[in-house]
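Below, each chain spelled out in residue letters.
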Amino acid sequence: MGGNRNIVILTGAGVSAESGIDTFRDGGGLWEQHRVEDVATPEAFQRDPDLVLRFYDKRREAVQTKEPNAAHNALARLEAKWGGDVLIVTQNVDDLHERAGAKNVLHMHGELLNAWCTACDARSRWTRPMIDRPACPACSASALRPDIVWFGEMPYRMEEIYGALRQADLFVSIGTSGAVYPAAGFVRDARELGVETLELNLERSEGSSWFDETRLGPATEIVPAWVDEVLAQALESGIR
Ligand code: NAD
């Protein structure tokens, strides 16, 4: 593939697994011993805000002790060296792509290290707990919630994502189970648009048959290998 073409990369929890952040699947469908309905829905937050705030306080604290791995590093390297556009659309709420140096990262499910004020709508970077109902830095109301897209809420920046898919030559899905929509549907959208599709995953995802090609293995091995391959091909083709 020539080095001036556009790539959209969708990442999921599998990219961060080897950094020590559990996927859903690692927990047998539970997220850190909790049912998703109890901690990751607007209804759960209404019903038991303390449980939800504590859950995300723990995730926020933990993520700040983790480091990007070779897969995050390889994607940042691809973005820096590639001649065309590279957009990383991540379902992950951690900041490991950014800490690896990636610049063009779109968090469609929000970010653990952001707070969202439900009183004034401001978003602020947030590294501390929320359980004590801290004041919003913008309006001082005690109405912060994690800036996370919960199940049943609309993912962020969908128009931008579909716009990037329309301009893409290659769609790559990495470390995602293909169970959470609308992200799980991107491969079909890409195919309908005539975009080449590649899956890199530990196991085949639910929508695996939609991909032109699937490569299986741990992200820290197969992602750097794929990045080396495409950068070498681009160099050979002399288009970069
Ligand atoms: P998922 O847990 O449903 O699936 C994880 C996928 O990663 C599986 O396909 C699995 O085979 C693969 N995988 C596991 N270890 C891997 C490895 N070492 N290398 C490559 N692939 C590996 O995760 P999902 O599809 O991202 O959907 C889960 C939802 O949960 C998302 O909405 C996300 O916001 C949230 N979540 C986020 C994080 C995070 O931010 N790091 C962690 C857990 C869940």
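Cut-offs and rules
- Residues numbered from 1 in each chain as written.
- Predicted model: local features only at pLDDT ≥ 70, side-chain atom pairs only at ≥ 80, totals over all residues.
- Heavy atoms only, no water.
- UniProt positions renumbered as here; feature names shortened; annotations may be inferred.
- Helix = DSSP H or I, 4+ residues; strand = E, 2+ residues; numbered from the N terminus.
- Contact = heavy atoms within 4.5 Å.
- Core = buried A, V, L, I, M, F, W, Y, C linked by side-chain atoms within 4.5 Å.
- Buried < 20%, exposed > 50% of the residue type's maximum accessible area, 1.4 Å probe, protein only.
- Pairing = 2+ DSSP bridges.
- Axes fitted to C-alpha atoms, helices over the stretch in contact; angles between N-to-C directions.

The name given to the protein chain in an unreviewed UniProt entry is NAD-dependent protein deacylase, and the organism recorded there is Pontixanthobacter aestiaquae. Quoted verbatim from the Subcellular location (unreviewed entry) field of UniProt, the annotation for the protein chain is "Cytoplasm".

Colleague: What is the right way to look at the environment of A183 in this model?
Modeller: Here A183 shows up in the loop between β7 (170-174) and α8 (186-192). When the C-alpha atoms of A183 and S173 are compared, they prove to be 9.6 Å apart, with 10 residues separating the residues in sequence. Leaving out residues up to four positions away in the same chain, A183 has contacts with L10, Q91 and M108.

Colleague: In this structure, what is going on with the nonpolar core? I would like to understand it.
Modeller: Across soluble globular proteins, you tend to see nonpolar side chains buried next to one another. Formed by 27 residues in total, the largest nonpolar core has its most connected members in L78, V172, V223 and W226. When residues of this core are traced back to their parent elements, those giving at least two are β1 (7-11), α5 (70-81), β2 (86-90), β7, β8 (196-201) and α9 (219-237). Top contributing element to this core by residue count: α9, with 8 residues. Excluding residues that lie within four positions of it along the chain, W226 makes contacts with L75, L78, L170, V172, L198, L200 and R215. Judged by nonpolar contacts, the second largest core, of 18 residues, contains V8, M108, F171 and F211.

Colleague: Would you explain the sheet that holds strand β6 (residues 144-148) in this entry?
Modeller: To summarise the sheet geometry, strands pair through backbone hydrogen bonds and adopt either a parallel or an antiparallel arrangement. Here 3 strands make up an open sheet; going across it, the order is β5-β4-β6 and the pairing antiparallel. At either end of the open sheet lies a strand with only one pairing partner, and these are β5 (123-125) and β6. The mean inter-strand angle of the sheet, taken between neighbouring strand axes irrespective of direction, is 45°. On the sheet, helix α4 (residues 49-63) packs against β4 (110-117) and β6 and is oriented at approximately 135° with respect to β4.

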